Amino acid sequence: MTDPVSPDGDPGEPGTAPSGKTPSGSAPSGEQFVLDLLDRAVAGMGGQSREGQHEMARQVARAIESGDHLLVQAGTGTGKSLAYLVPLIAHALGSDKPTLVSTATLALQTQIVGRDLPRLLKTITPALDRPVKVALVKGRSNYVCRHKLEGGFPSEEPSEGQLFSLGEDTSVPHFAAAMGGPSSQLGKEVVRLREWAEDTATGDRDELLPGVTDRAWRQVSVTSMECLGAQKCPLAAECFSELARQNAADADVVVTNHAMLAVSAFEGLAVLPEYDVVVVDEAHELQDRVTGAVSGQLSVAMVHAAASGARKHTGITVDALNTAAANLELAIAGVPSGLMPNGLNSEQLDCVDQLRDACRAALSDSKGDSSVTADGGRQLARSRLMVILELCERLLAAKENREVVWFSRASSFDPQQGYSQPDDSAPALINIAPLSVAGRLREGLFADHTVVLTSATLAIGSAFEPAAGGLGLVGPGAPSWTGVDVGSPFAYPQQGILYVAGHLPKPGRGTSPEALDELEKLIRASNGGALCLFSSRRAAEEAADAMRLRLDLSILCQGESTMTALVKQFADEPDTCLFGTMSLWQGVDVPGNSCRLVVIDRIPFPRPDDPLMTARSRAVAQSGGNGFMSVSATHAAIRLAQGAGRLIRSTSDKGVVAVLDSRLSTERYGAFLRAALPPFWPTTDPAVARAALERLARTPAPQAAG
């Protein structure tokens, strides 16, 4: 088969596309040692030397030596994990502090700890002065609590809207957790958890296969606030979480996640060991993950649950708490969901103030006798009161601390009807999040550490400023940094087409009949092998249902099985299609002919009613900037690039990225968005796209390489 793109497209020289200021000069001895180690590792693993990987390792080594922060874009196929792990290890061997690697997703965290580091260390350890110690650190609720297993805490299952998870790394999803399951299964899951807890060496939830539901896991774990602490807990010496932290303190390389970085930077809590250098992988996710980790949610149901627990486990009078809850319920009843541009009104603030006072009094009354043996029930009750007190403090100071406040209501799911949005008569949830995380990241992360930020999608065109600005690296007082693009080994113009369906009407609510017709023609031309990414779960399900009626192909849809099972089937069956939301790209890495068509239904702008994005856009506009381009368009560009990046995963892959949103070719901001994408050969001609897909469908799948 011939190349699916114009033969005179120029791939450029892979791996040699630096942007921003690039340090120059001959390689110092430390830098040469890093490059020698990298060559040894690549040869030992049977790989090939890549210029982009060499350049990235060189830049990371220089950043560590100079102390300047580094933003490095490394395209798919660069081998970026080796490119930063080798200089990190070389530095850690001579440092009295560990180095850190932070990831956004569980998948990459598992890959680094379970695959990349063991393979790397096997090849380079003979060239090192001593063995390298590696540790993994997660939030406390990710580990089994031995004291809870022994009955040290009451077994209470919070209801919907009563989850007290402030400051936990809940932004890292556990894929099995989403499966839910009938309540009759809960006992079986807990029994299996107890049996597993007897044998596990780490107590780490992610080592339990198959996984369990969140509800079952809560029966054997505690949050950081619920924990009695090492000083009081009778089983502290056997605590899995404390053991993980001890191992991290003695390690050379510590792997963690963005939420833990956020808790460390924002709360100043010692959840991580003291470190001097950190590599933030999947750095395009850092702002959102940090925001999620430090956002809070208050509901009347939470107050009632806290009052009930305080009365039951501490014996105090909770009339003041219940009165405050009743007053708050009246003050927020019927308030429309959405952003509160000026924060809570005076009546609502008075109720929150009353609730704060009631929490303070309850915490004072429930202290108990410190000389008495640790009481898990008392600690659980007090931890819930402390969460509510902290949320009240934040809500009362929201305006002066530039925090965003909005109301929301939980959506419901019916197997027959799907997801449905509640009306404004449903109980309201009060949400609060920082307008910007830039200042706190600048103080808590960048001020005292050397930070390397890396991703395949960190720059838009050649500009790193859009990503850097949201992290505190732009503006008065910003620390110095270097931006470098080390390119990709892939010849994108020869390997892929970017097809924008410019003839389609602008997207409205749902997927238009014209877009569904276009989707059918594309999938028919490719004879399957399509990864179709949609703006919402409902859009994905409706499109999958429509295509099943029109096409004689196997079509999988997100939610019908676990992500792992769906992706495996998609990879194993070359003509099967997989439909899901834009977030699906995080779990899809399918080189070869099984993914020869990636369809994106619309530009992934934030929802128009997204309160936090709306507040951030307004803040930019008020300071004289372009809120749409700085917030919405930048958000969309990075996510569009991530989705499109699912197509070419090896040097032998070929295919088409089809965007069914005409605005990408017709609107002025289209050029800005396209600049973030890999340099595919572009077309708006549907015949060209379909012809390329037909050729690919007739071609035997080559063996994946790269």
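Residues numbered from 1 in each chain as written. Predicted model: local features only at pLDDT ≥ 70, side-chain atom pairs only at ≥ 80, totals over all residues. Heavy atoms only, no water.

Undergrad: Residues and numbers for the sheet that holds strand 18 (residues 597-600), please.
TA: If you trace the seven strands from one edge of the open sheet to the other, you get 16-17-15-18-19-14-20, paired in parallel fashion. For this open sheet the edge positions go to strand 16 (555-557) and strand 20 (681-683), each flanked by a neighbour on one side alone. The average undirected angle you get between the axes of adjacent strands in this sheet is 15°. Strand direction decides the pairing type here: strand 14 (residues 496-500) and strand 19 (residues 655-659), joined by five bridges, are parallel. Among the inter-strand pairings, Gly496 is bridged to a residue of strand 19, identified as Gly655. Across the sheet, helix 19 (residues 537-550) touches strand 15 (530-534), strand 16 and strand 17 (577-581), and the angle it forms with strand 16 is around 160°. (Pairing = 2+ DSSP bridges. Helix = DSSP H or I, 4+ residues; strand = E, 2+ residues; numbered from the N terminus. Axes fitted to C-alpha atoms, helices over the stretch in contact; angles between N-to-C directions. Contact = heavy atoms within 4.5 Å.)

Undergrad: Outline the pairing of strand 17, listing residues and values.
TA: Extensive coverage of strand 17 is indicated by the burial of five of its five residues. Here strand 15 pairs with strand 17 via four bridges, running parallel. Directly across from Phe534, in strand 17, lies its bridge partner Thr581. In this structure, strand 16 lies alongside strand 17, joined through three bridges in parallel fashion. Residue Leu556 lies in a different strand from strand 17, and its bridge partner there is Leu578. Traced from strand 16 through helix 20 (residues 563-572) to strand 17, the parallel crossover comes out right-handed. (Buried < 20%, exposed > 50% of the residue type's maximum accessible area, 1.4 Å probe, protein only. Right-handed = clockwise from strand over helix to strand, strands pointing away.)

Undergrad: Explain the packing of aromatic side chains residue by residue, including any values.
TA: For any pair of aromatic rings, geometry is given as the distance between the ring centres together with the angle between the planes. On inspection of all chains with the given rule, the structure shows seven aromatic pairs. For the pair Phe605 and Tyr669, a centre-to-centre distance of 5.5 Å together with 85° between the ring planes defines the contact as edge-to-face. Taken together, the residues span a long stretch of sequence, with Phe605 in the loop between strand 18 and helix 21 (611-622) and Tyr669 in the loop between helix 23 (663-666) and helix 24 (670-674) at a distance of 64 residues. An aromatic cluster of three or more residues is present, and its members are Phe490, Tyr492 and Phe680. (Phe/Tyr/Trp six-rings, centres within 6.5 Å; stacked < 30°, edge-to-face > 60°.)

Undergrad: Describe the environment of Arg524, listing the residues and the values that go with them.
TA: Along the chain, the position of Arg524 falls in helix 18 (residues 513-526). Distance from Arg524 to Arg550, taken between C-alpha atoms, is 9.6 Å for residues 26 residues apart in sequence. Those residues in contact with Arg524, other than ones at most four positions away along the chain, are Arg550 and Leu551.

Undergrad: Can you lay out the pattern of salt bridges for me, pointing to particular residues and giving the numbers?
TA: Applying the stated criterion across every chain, the model contains 31 salt bridges. With a shortest N-O distance of 3.0 Å, Lys506 and Glu667 are connected by a salt bridge. Of the two residues, Lys506 sits in the loop between strand 14 and helix 18 while Glu667 sits in the loop between helix 23 and helix 24, which places them 161 residues apart along the sequence. Given a relative accessible area of 25%, Glu667 falls into the partly exposed group. Each of Asp353, Arg356, Asp357, Arg360 and Glu393 takes part in a single network of salt bridges with overlapping partners. (Salt bridge = Lys/Arg side-chain N within 4 Å of Asp/Glu carboxyl O.)

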